[in-house]
Amino acid sequence: MYMCNGRSPSDLLSQGLPVRSVDFNRGTDNITVRQGDTAILRCVVEDKNSKVAWLNRSGIIFAGHDKWSLDPRVELEKRHSLEYSLRIQKVDVYDEGSYTCSVQTQHEPKTSQVYLIVQVPPKISNISSDVTVNEGSNVTLVCMANGRPEPVITWRHLTPTGREFEGEEEYLEILGITREQSGKYECKAANEVSSADVKQVKVTVNYPPTITESKSNEATTGRKASLKCEASAVPAPDFEWYRDDTRINSANGLEIKSTEGQSSLTVTNVTEEHYGNYTCVAANNLGVTNASLVLFKRVLPTIPHPIQEIGTTVHFKQKGPGSVRGINGSISLAVPLWLLAASLLCLLSKC
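Cut-off values and rules
Residues numbered from 1 in each chain as written. Predicted model: local features only at pLDDT ≥ 70, side-chain atom pairs only at ≥ 80, totals over all residues. Heavy atoms only, no water. Phe/Tyr/Trp six-rings, centres within 6.5 Å; stacked < 30°, edge-to-face > 60°. Lys NZ or Arg CZ within 6 Å of the ring centre and 35° of its normal. Pairing = 2+ DSSP bridges. Helix = DSSP H or I, 4+ residues; strand = E, 2+ residues; numbered from the N terminus. Axes fitted to C-alpha atoms, helices over the stretch in contact; angles between N-to-C directions. pLDDT = per-residue confidence, 0-100. Contact = heavy atoms within 4.5 Å. Core = buried A, V, L, I, M, F, W, Y, C linked by side-chain atoms within 4.5 Å. Buried < 20%, exposed > 50% of the residue type's maximum accessible area, 1.4 Å probe, protein only. Salt bridge = Lys/Arg side-chain N within 4 Å of Asp/Glu carboxyl O. Polar contact = N/O pair within 3.5 Å; in protein donor to acceptor, adjacent residues only side chain to side chain.

As a further point, take the packing of aromatic side chains. Tallied over the full model, the rule gives zero aromatic pairs. Here the basic side chain of Arg179 rests over the ring of Tyr207, its NZ or CZ set 3.9 Å away from the ring centre.

Here we come to the sheet that holds strand 17 (residues 217-219). Pairing within the open sheet is mixed, and its five strands lie in the order 17-24-23-19-20. At either end of the open sheet lies a strand with only one pairing partner, and these are strand 17 and strand 20 (246-248). Mean inter-strand twist for the sheet, computed between neighbouring axes without regard to direction, equals 35°. Relative to strand 20, strand 19 (residues 238-243) is paired through three bridges, and the arrangement is antiparallel. Of the residues in strand 20, the one forming a bridge with Tyr242 is Arg247.

Strand pairing in a sheet is mediated by backbone hydrogen bonds. Such pairs are either parallel or antiparallel. On the basis of which strands lie adjacent, the open sheet formed by three strands has the order 2-7-6 and antiparallel pairing. Both outer strands of the open sheet, strand 2 (39-41) and strand 6 (74-77), are each paired with one neighbouring strand and no more. When strand polarity is set aside, the average angle formed by the axes of neighbouring strands in this sheet is 25°. One ladder, built from four bridges, connects strand 6 with strand 7 (residues 85-88); its direction is antiparallel. Along strand 7, the bridge assignment pairs Glu75 with Arg87.

For the rest of this paragraph, the subject is the confidence of the model for the protein chain. Mean pLDDT over the protein chain stands at 82; residues scoring 70 or higher make up 76%. Taken together, the stretch residues 1-26 has pLDDT below 50 and engages in 61 contacts with residues farther than four places along the chain or on a different chain. Taken together, the stretch residues 309-334 has pLDDT below 50 and engages in 23 contacts with residues farther than four places along the chain or on a different chain.

This part covers the nonpolar core. Membership of the largest hydrophobic core comes to 22 residues, with the highest contact counts inside it found for Trp54, Leu86, Tyr99 and Leu116. Those elements that provide at least two residues to this core are strand 1 (29-34), strand 2, strand 3 (51-56), strand 4 (59-63), strand 6, strand 7, strand 8 (97-104) and strand 9 (109-127). The contacts of Leu86, once residues within four sequence positions are left out, are Ala39, Ile40, Leu41, Trp54, Ile61, Phe62, Val74, Glu75 and Tyr99. The next biggest cluster of nonpolar side chains, apart from the first, holds 20 residues, and it includes Ile248, Leu254, Leu265 and Tyr275.

Our next topic: the pattern of salt bridges. All chains considered together, the criterion is met by 16 salt bridges. The partner of Arg73 in a salt bridge is Asp71, with the nearest N and O atoms 2.7 Å apart. The exposure class assigned to Arg73 is buried, which follows from its relative accessible area of 14%. Given a relative accessible area of 21%, Asp71 falls into the partly exposed group. The salt bridge partner of Arg148 is Glu96, with a shortest N-O separation of 2.5 Å. Note that Arg148 is positioned in strand 11 (residues 139-148) and Glu96 in the loop between strand 7 and strand 8, a separation of 52 residues in sequence. Note on Glu96: relative accessible area 16%, which makes it buried.

With that out of the way, let us pick up the environment of Tyr207. Along the chain, Tyr207 turns up in strand 16 (residues 197-215). Residues Tyr207 and Leu286, spaced 79 residues apart in sequence, show a C-alpha to C-alpha distance of 6.5 Å. Leave out the neighbours within four places in its chain, and Tyr207 touches Glu135, Arg179, Ser232, Ala233, Val234, Asn284 and Leu286. Here Ser232 takes part through its side chain, which lies 2.8 Å from a polar atom of the side chain of Tyr207.

If you want it as structure tokens, here you go:
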């Protein structure tokens, strides 16, 4: 039987809420009330001359209209002359138990019992603090809750997949934790009394640096050029740049900029000395890694000379009478056909 604070018993009846009277022909009735609500234990007698009392395991609460209990939350509820109901405000768990309405009539005594059940919303009472571990370690998270009925506890890793860990109850064990298993873990305690109680634990997984991206570059002299390097690590890595075995600092036209997880080396005015191999080093307290990058010299393309087409001109390397200098400086000799024919005829006739 439920009753919210500020509502009268007539309101409960008019709204159809579960209000139960004591039935002297039955055994013990169970009445369930949520912690903090008001419970009304109904008792109706047959005539006004009956002597009535309310008792519980601690003793007499009311005898007739005389209040024996010192609890200010307990009062009689009488909507009519035959009603002798008991009202308990702000019910708590220690109110749970058996209550007896005892009636002495002119004919015989009658008693009936009501067992008051107090339900308690789930409440997480203890949960692990945020934790930081190294990759590969074993992790145990604890979440304890109170409530009646006993709350059901579930764990969930707050990732896009939202994986739930079934059957783990209060303890969640992660063996050989990986970097992908870092993040927030949600503990939820639920029963049917009210909405679930939810709390979170943050798990940070430390791991050594891994180079995720490195970009070489090419540039012409007199221009600006940058080399870039990115690394994944927890804690965030520190970056250093080297040329051969010499560490590079931001000076003499070189500028190093590093933020969480990435670093760049910029040459403000490229000269011949700047071309070559560079090394990006990323480190934290768990390890060191590096990557090689190259600043290439950009070569501008050349335009080839056009090739002259000579037609049917006959070329000679020697100079002589009748020769003509060609376009490319070679000597060409144009021989008319009639002169060739005359020379041939002269040879035949021995002129």
